[in-house]
Amino acid sequence: MKMTKTLERYQRCCFNPQDNSVEHEAQSWYQEVSKLRAKYESLQRTQRLYHQPCFSASRHLLGEDLGPLSVKELQNLEKQLEGALAQTRQRKTQMMIEQMEELRRK
């Protein structure tokens, strides 16, 4: 992508009149600023969304941002994690049993 832009600049510089080249360069910078502004706004929206309560709960489950939680909230989080771990282990065991049965059939 950078190589393409470099080649385009080279062609504009060498094959277009100087006045036209300055105009294209200004337009190129304007487009670059527009892209960066859009990316910045998108990141701001994502950051605002990330700090909403539903994302806070997800971050807590990942072990992030635990400092402000009370002891009761930490205990509830621990119960949720233990439950999820138990379900994961149960599913893993079930899959291993199914695989063993499949291997026996072969």
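Conventions and cut-offs
- Residues numbered from 1 in each chain as written.
- Predicted model: local features only at pLDDT ≥ 70, side-chain atom pairs only at ≥ 80, totals over all residues.
- Heavy atoms only, no water.
- Helix = DSSP H or I, 4+ residues; strand = E, 2+ residues; numbered from the N terminus.
- Areas by Shrake-Rupley, 256 points an atom, 1.4 Å probe, with all protein chains shown as cover.
- Contact = heavy atoms within 4.5 Å.
- 1 Å grid on protein atoms, 1.4 Å probe; cavity = no way out; pocket = protein on both sides within 12 Å on 5 of 7 lines; lining within 4 Å.
- Points joined across faces, edges and corners; volume = space filled by probe spheres on them.
- Nonpolar A, V, L, I, M, F, W, Y, C, P; charged D, E, K, R; others polar.
- pLDDT = per-residue confidence, 0-100.

Peer 1: Looking at this structure, I do not really get the overall build of the protein. What am I missing?
Peer 2: The helix and strand tally for the protein stands at four helices and zero strands. Start at the N end of the protein and walk to the C end: the helices and strands fall as α-α-α-α. Carbon and sulfur atoms provide 57% of the accessible area of the protein, an area that totals close to 9,800 Å².

Peer 1: What should I look at first to understand the environment of Leu-61 in this one?
Peer 2: Relative to the helices and strands, Leu-61 resides in helix H3 (residues 53-61). It is 7.2 Å that separates the C-alpha atoms of Leu-61 and Leu-81, two residues lying 20 residues apart in sequence. Leu-61 has contacts with Leu-77, Gln-80 and Leu-81, leaving out every residue within four places of it along the chain.

Peer 1: Any chance you could explain the layout of surface pockets here in plain terms?
Peer 2: By rolling a water-sized probe across the atoms, one finds the places where empty space is left. Roughly 310 Å³ of internal volume is contained in the largest pocket. Elements that contribute at least two residues to the lining of the largest pocket include exactly helix H1 (2-15) and helix H2 (18-50). When its residues are assigned to classes, the lining of the largest pocket shows one nonpolar, five polar and seven charged.

Peer 1: What's the story with the confidence of the model for the protein in this structure? I'm lost.
Peer 2: Detailed reading of the predicted coordinates is not advisable wherever pLDDT falls low. Taken as a whole, the protein shows an average pLDDT of 80; of its residues, 82% reach a score of 70 or greater. By mean pLDDT, the top-scoring element of the protein is helix H4 (residues 71-105) (92), and the lowest-scoring one is H3 (67).

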